[in-house]
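Tertiary structure, described
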Amino acid sequence: MKKILVALTIATGLLLTGCSQSNEAATVGDFKITQTELQSSIDAVMAERKKVDTSQMQLETGDELNRGQLRFKILMHTFDEIAKELDLEITSSQVVARKQQISQSLGGDAELPKNLVNAAIAPQDFDTYVRAILISERITTALAQSGVAEADVATQLGKLLSAKAKELGVKINPRYGFWDTEAGDVVAADVTGGAVTPSAE
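First, a word on scope: everything that follows refers to the structure included in this document.

Attention now moves to the pattern of salt bridges. Pairing is possible between side chains of opposite charge, provided their charged atoms come close. Throughout the structure, instances matching the rule amount to 10 salt bridges. A salt bridge links Lys73 to Asp125; the nearest nitrogen and oxygen atoms lie 3.5 Å apart. Remark: Asp125 occurs in the loop between helix H5 (112–118) and helix H6 (126–145) and Lys73 occurs in helix H3 (residues 62–86); sequence separation between them is 52 residues. Both residues of the pair, Lys73 and Asp125, count as buried. Across the salt bridge formed by Glu81 and Lys84, the nearest N and O atoms sit 3.4 Å from each other. Highlighted residues: Glu81 and Lys84, both in helix H3, separated by 3 residues, approximately one helical turn. For Glu81, a relative accessible area of 15% gives the class buried. Here the residues in one salt-bridge network are Glu37, Lys73 and Asp125, joined through shared partners.

To continue, consider the pairing of strand E3 (residues 31–34). As paired elements, strand E2 (residues 24–28) and E3 share 4 bridges and run antiparallel to each other. In the sheet register, Ala26 faces E3, and the bridge partner there is Ile33. The hairpin turn running from E2 into E3, its antiparallel successor, is 2 residues long, and Gly29 in that turn takes a positive phi close to 65°.

Now for the packing of aromatic side chains. This structure, assessed with the given rule, holds 2 aromatic pairs. Taking the centre distance of 6.4 Å and the plane angle of 25° together, the rings of Phe126 and Tyr129 count as stacked. In this pair, Phe126 and Tyr129 are both assigned in helix H6, 3 residues apart and thus about one turn of the helix distant. For Phe126, a relative accessible area of 4% corresponds to the buried category. Judged by relative accessible area, which is 0%, Tyr129 ranks as buried. Aromatic rings pair up to connect Phe72, Phe126 and Tyr129 into one cluster.

Our next topic: helix H2 (residues 35–49). The end-to-end C-alpha distance of H2, which contains 15 residues, comes to 21 Å, matching closely the 21 Å that a straight helix rising 1.5 Å per residue would cover. Where H2 is concerned, the buried positions are Gln35, Leu38, Gln39, Ser41, Ile42, Ala44, Val45, Glu48 and Arg49.

Further remarks concern the packing of H3 against helix H7 (residues 150–168). Between H3 and H7, the least distance of the axes is 10 Å, while the angle of their chain directions is 90°. Viewed along their axes, H3 and H7 adopt a mutual orientation that is roughly perpendicular. Within the contact between the two elements, H3 uses Leu75, Thr78, Phe79, Glu81, Ile82 and Glu85 and H7 uses Leu157, Leu160, Leu161, Lys164, Ala165, Glu167 and Leu168. When its residues are assigned to classes, the contact of H3 with H7 shows 8 nonpolar, 1 polar and 4 charged.

This brings us to helix H4 (residues 92–105). Helix length check: H4, at 14 residues, gives a terminal C-alpha distance of 20 Å against a target of 20 Å (1.5 Å per residue), a fit within 8%. Along H4, the positions that sit buried rather than exposed are Val95, Arg98, Ile102 and Ser103. One side of H4 holds all its buried residues, which, seen down the axis, span an arc of 140°. Opposite the packed face of H4, turned more than 90 degrees from it, sit the exposed residues Ser93 and Gln104.

Attention now moves to unusual backbone geometry. One non-glycine residue, Asp87, lies in positive phi territory at about 60°. Looking at the secondary structure, you find Asp87 in the loop between H3 and H4. In this structure, Ala120 takes a positive phi of about 60° despite not being glycine. By the secondary structure assignment, Ala120 is in the loop between H5 and H6. Judged by its relative accessible area of 14%, Ala120 falls in the buried class.

Rules and cut-offs
- Residues numbered from 1 in each chain as written.
- Predicted model: local features only at pLDDT ≥ 70, side-chain atom pairs only at ≥ 80, totals over all residues.
- Heavy atoms only, no water.
- Salt bridge = Lys/Arg side-chain N within 4 Å of Asp/Glu carboxyl O.
- Helix = DSSP H or I, 4+ residues; strand = E, 2+ residues; numbered from the N terminus.
- Buried < 20%, exposed > 50% of the residue type's maximum accessible area, 1.4 Å probe, protein only.
- Pairing = 2+ DSSP bridges.
- Phe/Tyr/Trp six-rings, centres within 6.5 Å; stacked < 30°, edge-to-face > 60°.
- Expected span 1.5 Å × (residues − 1).
- Axes fitted to C-alpha atoms, helices over the stretch in contact; angles between N-to-C directions.
- Parallel < 35°, antiparallel > 145°, perpendicular 65-115°, else oblique.
- Contact = heavy atoms within 4.5 Å.
- Nonpolar A, V, L, I, M, F, W, Y, C, P; charged D, E, K, R; others polar.
- Arc of directions from axis to C-beta.

Right, dumping it as structure tokens:
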């Protein structure tokens, strides 16, 4: 599942700038991601880790986890906006069916929680994640049918995400770091390599 998430985050190139509202973690156009909402997902991820064996997992912690969850939410909303633009309808039944497929591929419902933990996906965000997978598949299929080479589909998907994010205008609260155009990611404001601590909120 982590590989799927990585595939969804390729080459997003989001243009992120300062976010002035005190309770806003980020905005994507008129869509607001509040710090309260972001912290809810972070807390859920941390709570789920206590329920499974994480000894063999390489998990994000502290500010890295905060940035990862914010990146996730920005990316998921960008997929939704692309779906609207392309008139791609993803139904609830399709989401349910794909969730069942994912669960079965992992060995059943009992195996799902630890895989969500390993992918840093909060339970309440699983539907959103699956919806993004379905949107991504529809887009990549359309790209392939239009003549884009299979090796170039991922790059074209990334360009589409980047263009949409720039069109919408994405802003990020500086407390979560800043957008590094070279790295193509939200990075910590402290780049000295010092230790980071989890968000206290």
